[in-house]
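# A look at the structure
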Amino acid sequence: MKLPFTKNPGLRPRGATPLRTAVSPWNNRRHWWAVIGATAGVALIALAASGPQEAATLVVTGPVPSEIKTVNPELTLSGANLNVDVEDSSATESMPVAPPAPRWHEETVRSGDNLSLIFARAGYTDRDVYQVTRADGGKALRRIYPGETVAFLTDESDRLAAVRHTESRLKSTTFVKGDQGFVTEVLERKPEVRERGTRLRITSSLFLAGSDAGLSNRVIMDLAGIFGGVIDFVLDPRVGDTIELVYEEEFLDGEKLRDGDIVAASFTNKGERFEAYRYTDSAGDTSYYNEDGVSMRKAFLMAPVDFTRISSNFNPNRLHPIYKTKRPHRGTDYAAPRGTPVYSAGDGRVVEAGYTRANGNYVFIQHGESYKTHYLHLHKRKVKRGDRVSQGSVIGTVGSTGAATGPHLHYEFLVNGVHRNPRSVHKMLPKAKSLPGGELPVFRSHIAAFDQQLAALRSETKLALSD
């Protein structure tokens, strides 16, 4: 604090009365007592407003005169105790402060994204991409899909310290920078698997019956795939048909993640019952078999599309709807909305895939030596010539390209080059394979518990129908 009338506080005019040295208010004993009294008054007002309270503690920090430290800290005011604890500020200043937790910056993978775009959005370069993908397992980071997340962690120098790729709640991969580059850490969690049994009754279609029963689209489509070799879901299902099934559900931390596999199912169609059980044989192959160990997977599907209707059957003398002439209709037309998936009826190789004015987008598949299937008027082709396909693979979608009056699939089946009726050709096709006789005891032991569950569900169905 500068003194008035002088630039140098150590000098003063001759004969002048010395000025009193400026004194800090904190060195004034009366000032301290005034502060304590005022604080006590505020505390007493608060105590009176809130009712009887325990003794309050007043904490004072900063340099404290020695005479204040010797004062009796207990004051009695109107029956309330005010305890004054004095602390040295040096102790407060020396307390360690916890460092802030590291923060991740997260980017969600969008449609059309690649790794360079994601790194650039987060403020990193292609060199960072190169260094991360050089790590063990780093190439897997290039296979990213919409909805997944990529998170970034920087160090104190704003350089990339770690990258975390989260594929799902069950799997994430973290790339941590070390002295020799990025090191990979993979975290995988296993969900809890529970079995659930349910039953449904068809009133219009399998899809609607499954939806009414609370089944997911995946379970409904799996159900159609399991019985697709023995039931034509275009024509066979009837009102009153019943289905019982046992399927898996996956949970994580008590929350349902998704539906799992169907482990057993029973389909009663027009009074005839079909059963299917999921089983892994001695060779490690998993498939579905009936109660006698015969595979549910036939050589060909009964129909290459699901939940549609037949708009035109196989007819050698049909009047063509566009050309108005009698032209043989050598296949079956399945009317369905544009975009409906079309499946390969069996295992094989694509021998032709292209476009003509009559056929529109088409796909021809060769199955072994004797069998061939044709798929016409597709909206889009999903395969190309030379591709290997398996039964149930999506090879295209329903459309109305070429000489077509509306969206539908024209499906043909040829045996040794001769067109056959797709609806009846299955009677002359090879039988499904069976489990070896020596494996049947193991299979029957495996399905015994599921057989009892299906029987109990069928009893519930009969009881519900009788009521």
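Our structure's up above, just so we're on the same page.
Described in the following lines is the structure provided in the data block.

Analysis parameters
- Residues numbered from 1 in each chain as written.
- Predicted model: local features only at pLDDT ≥ 70, side-chain atom pairs only at ≥ 80, totals over all residues.
- Heavy atoms only, no water.
- Pairing = 2+ DSSP bridges.
- Helix = DSSP H or I, 4+ residues; strand = E, 2+ residues; numbered from the N terminus.
- Axes fitted to C-alpha atoms, helices over the stretch in contact; angles between N-to-C directions.
- Contact = heavy atoms within 4.5 Å.
- Buried < 20%, exposed > 50% of the residue type's maximum accessible area, 1.4 Å probe, protein only.
- Arc of directions from axis to C-beta.
- Core = buried A, V, L, I, M, F, W, Y, C linked by side-chain atoms within 4.5 Å.
- Salt bridge = Lys/Arg side-chain N within 4 Å of Asp/Glu carboxyl O.

## Structural notes on the sheet that holds strand β8 (residues 181-188)
Taken in spatial order, the five strands line up as β4-β5-β6-β7-β8 in an open sheet, and their pairing is antiparallel. Taken across any chain shown, the strands that pair with only one partner, and hence form the sheet edges, are β4 (104-108) and β8. For this sheet, the mean inter-axis angle between neighbouring strands, taken without regard to orientation, is 20°. Here strand β5 (residues 149-154) pairs with strand β6 (residues 160-168) via six bridges, running antiparallel. Bridge pairing links alanine 151 to arginine 164 in β6. Here helix α5 (residues 126-133) sits on the sheet and contacts β6, β7 (171-178) and β8; the angle it forms with β6, its principal contact strand, is near 70°.

## Looking at the sheet that holds strand β10 (residues 242-252)
Taken in spatial order, the five strands make up an open sheet running β9-β10-β11-β12-β13, and their pairing is antiparallel. Either end of the sheet is taken by a strand with one partner, and the two such strands are β9 (192-201) and β13 (286-289). Strand-to-strand twist across the sheet, computed as the mean angle between neighbouring axes with direction ignored, equals 25°. Relative to β13, strand β12 (residues 272-280) is paired through four bridges, and the arrangement is antiparallel. For tyrosine 277, the partnering residue across the bridge sits in β13 and is tyrosine 289. In this fold helix α7 (residues 217-227) packs onto β10, β11 (255-269), β12 and β13, with an angle of close to 35° to the strand it touches most, β11.

## So, unusual backbone geometry
You will see that aspartate 158, though not glycine, has its phi angle at about 60°, which is positive. Not every positive phi belongs to a glycine, and histidine 377 is a case in point at roughly 65°. With a relative accessible area of 6%, histidine 377 lands in the buried category.

## Remarks on α7
For α7, the complete set of buried residues consists of Val219, Ile220, Leu223, Ala224, Ile226 and Phe227. Along the long axis of α7, the arc covered by the buried residues comes to 160°, so they all point the same way. Tucked into the core, α7 has its buried residues touching α6 (206-212), β10, β11, β12 and β13.

## Notes on the nonpolar core
Tyr334, Val342, Val363, Tyr375, Ile395, Leu409 and Phe413 are the most contacted members of the largest nonpolar core, which totals 25 residues. Where this core is concerned, the elements lending two or more residues are β18 (360-367), β19 (371-381), β21 (394-398) and β22 (408-415). Per-element tally for this core: the top contributor is β22, with four residues. Ile243, Ile262, Ala276 and Met296 belong to the second largest nonpolar core, which has 23 residues in total.

## As for the pattern of salt bridges
What the rule picks out here adds up to 20 salt bridges. Between aspartate 253 and arginine 189 there is a salt bridge, and its shortest N-O distance comes to 2.8 Å. Note that aspartate 253 is positioned in the loop between β10 and β11 and arginine 189 in the loop between β8 and β9, a separation of 64 residues in sequence. We classify aspartate 253 as exposed; its relative accessible area is 60%. Between lysine 256 and aspartate 259 there is a salt bridge; the shortest N-O distance is 2.8 Å. With relative accessibility at 37%, the residue lysine 256 sits in the partly exposed group. Residue classification places aspartate 259 among the buried residues on the basis of a relative accessible area of 9%. Counted as one network, the salt bridges with shared partners bring together Arg196, Glu249, Lys256 and Asp259.

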